[in-house]
Amino acid sequence: MKTKITELFGIQHPIIQGGMHFVGFAEMAAAVSNAGGLGIITGLTQKTPADLANEIARCHDMTDKPFGVNLTFLPGFAAPPYPEYIEAIVKGGVKIVETAGRSPEAYMPALKEAGIKVIHKCTSVRHSLKAEKIGCDAVSVDGFECGGHPGEDDIPNMILLPRAAEELSIPFVASGGIGNGKQLVAALALGADGINMGTRFIATKDAPVHQNVKDALVQATELDTRLIMRPLRNTERVLANPAVEKIVEIEREKGASLGIDDIKELVGGVYPKVMQEGDMDAGAWSCGMVAGLIHDIPTCQELVDTIMADAEAIIQQRLNGILSA
């Protein structure tokens, strides 16, 4: 399948694995890239720029295909040394960066000077247009269904994607709630040039996370996510668990007086406990509504091959058959 995204990034299939905290290690990125998609190392999971440089080197040892690095610019408890992380990316020979959160504008000159292609994750058309204006090569349009941060507009992909297609000149991929071939075809029909999957890639044999996490995704339905931190205008979609229900209760009690310190223990430093130790109730962790479509734990190769085969069959048989009728 040839799209503007496959051509832009030099990949076989229009499937990107988005950055995910304590999931996007070299093993994950390499597995997706080797399957013909675009794997992404999560930059800030690496504690220092030197650690990121080592992770990039490890990934080069595992694949000779293109892969990228995610840099997320989000409000946090400490400001990471972004210029040093970018230096590690440049020296590591990585030519694709996925940015997310706040605008990457301040860092665009350094990235573009190094010949790096930038895809920015956006939850609205206006932010997508800003990304285009500051020189991003593509955007990942993230609908309300997504795991992690869906923004504050609550626009689902069925509306957001065709709106993006109306406004944007640069290519974009559909992100949020994506997990199968039907959705790839739908995304293409709505104007996207590919898909970005996060949660779905966690439920694969290659994902370097605890088996408990994968099993939880298979068991979950589309009704099992919650939105937290909405009063802080830092909304996050997470998988429901006792810690998340406690966060919701605290938010309800505190109302407009809620501060990040009120829930800090339930949202900060949670990912190593969940992803590596398998403590599913350690705190809040990002999960998309696509959990309802996750029924198995294939390899990345099997997952990508199935998505592409299903998409091709839908385009050539079902859609063509409808047209002929």
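Below or above, wherever it landed, is the structure these notes cover. (Residues numbered from 1 in each chain as written. Predicted model: local features only at pLDDT ≥ 70, side-chain atom pairs only at ≥ 80, totals over all residues. Heavy atoms only, no water.)

1. Topic: the overall build of the protein chain
Thought 1: Broken down by element type, the protein chain carries 14 helices and 10 strands.
Thought 2: For a compact globule of 325 residues, the expected C-alpha radius of gyration is about 20 Å, and the protein chain comes in at 19 Å, within 12% of that figure.
Thought 3: Each principal axis of the C-alpha atoms in the protein chain carries an extent, and together these give about 60 × 45 × 40 Å.
Thought 4: Taken across its 325 residues, the protein chain has 53% of its residues classed as buried. (Helix = DSSP H or I, 4+ residues; strand = E, 2+ residues; numbered from the N terminus. Rg over C-alpha atoms; globule rule 2.2 N^0.38 Å. Buried < 20%, exposed > 50% of the residue type's maximum accessible area, 1.4 Å probe, protein only.)

2. Re helix α3 (residues 49–62)
Thought 1: The terminal C-alpha atoms of α3, which comprises 14 residues, lie 20 Å apart, in line with the 20 Å expected from a rise of 1.5 Å per residue.
Thought 2: Within α3, burial applies to Pro49, Leu52, Glu55, Ile56 and Cys59. Looking down the long axis of α3, one finds its buried residues gathered within 110° of arc, a one-sided arrangement.
Thought 3: Of the surrounding secondary structure, the elements contacted by the buried residues of α3 are α2 (26–34), β2 (39–42), β3 (67–73) and α4 (82–91). (Expected span 1.5 Å × (residues − 1). Arc of directions from axis to C-beta. Contact = heavy atoms within 4.5 Å.)

3. Quick look at the side chain of Lys121
Thought 1: Considering the arrangement of structural elements, one finds Lys121 in strand β5 (residues 117–122).
Thought 2: Notably, Lys121 is buried but unbridged: the nearest opposite-charge side chain belongs to Glu98, and the N-O separation is 4.0 Å.
Thought 3: Not counting the four nearest positions on each side in its chain, Lys121 is found in contact with Glu98, Thr99, Ala100, Ser140, Asp142, Ser175 and Asn196. (Lys, Arg positive; Asp, Glu negative; His and termini not counted. Salt bridge = Lys/Arg side-chain N within 4 Å of Asp/Glu carboxyl O.)

4. Some points on the state of the cysteines
Thought 1: The final tally for this structure, using the stated rule, is zero disulfides.
Thought 2: Here Cys122 is not cross-linked by a disulfide; its sulfur's nearest cysteine counterpart is in Cys136, at 7.1 Å. (Disulfide = S-S within 2.5 Å.)

5. Quick look at the packing of aromatic side chains
Thought 1: Taken as a whole and assessed by the stated rule, the structure comprises four aromatic pairs.
Thought 2: Summarising the aromatic geometry, the rings of Phe22 and Phe25 are spaced 6.2 Å apart at their centres and angled 75° between planes, so their arrangement reads as edge-to-face. Accessibility assignment for this pair places Phe22 and Phe25 in one class, buried.
Thought 3: Between Phe73 and Tyr82, the aromatic rings sit 4.4 Å apart at their centres with planes inclined by 50°, giving tilted as the arrangement.
Thought 4: Phe73 sits in the buried class, given a relative accessible area of 5%.
Thought 5: Three or more aromatic residues link up through ring pairs in this structure, and these residues are Phe73, Tyr82 and Tyr107. (Phe/Tyr/Trp six-rings, centres within 6.5 Å; stacked < 30°, edge-to-face > 60°.)

6. Things to note about the pattern of salt bridges
Thought 1: As enumerated under the stated definition, the model contains 14 salt bridges in all.
Thought 2: The closest approach of N and O atoms between Lys112 and Asp137, which form a salt bridge, is 2.5 Å. Of this pair, Lys112 sits in helix α5 (residues 108–113) while Asp137 is found in the loop between α6 (125–133) and β6 (138–142), placing the two residues 25 residues apart along the sequence.
Thought 3: The exposure class assigned to Lys112 is partly exposed, which follows from its relative accessible area of 33%.
Thought 4: Between Arg126 and Asp153 there is a salt bridge; the shortest N-O distance is 2.8 Å. With Arg126 in helix α6 and Asp153 in the loop between β6 and α7 (157–167), this pair connects stretches of sequence that are 27 residues apart.
Thought 5: Several salt bridges converge on common partners, so that one network encompasses Glu27, Glu55 and Arg58.

7. Describing the pairing of strand β4 (residues 96–101)
Thought 1: For β4, a buried count of five out of six residues is recorded, marking the element as mostly surrounded by other parts of the structure.
Thought 2: Strand direction decides the pairing type here: β4 and β5, joined by four bridges, are parallel. Across the sheet, the residue bridging to Ile96 is Lys117, located in β5.
Thought 3: Running through α5, the crossover from β4 to the neighbouring parallel element β5 is right-handed. (Pairing = 2+ DSSP bridges. Right-handed = clockwise from strand over helix to strand, strands pointing away.)

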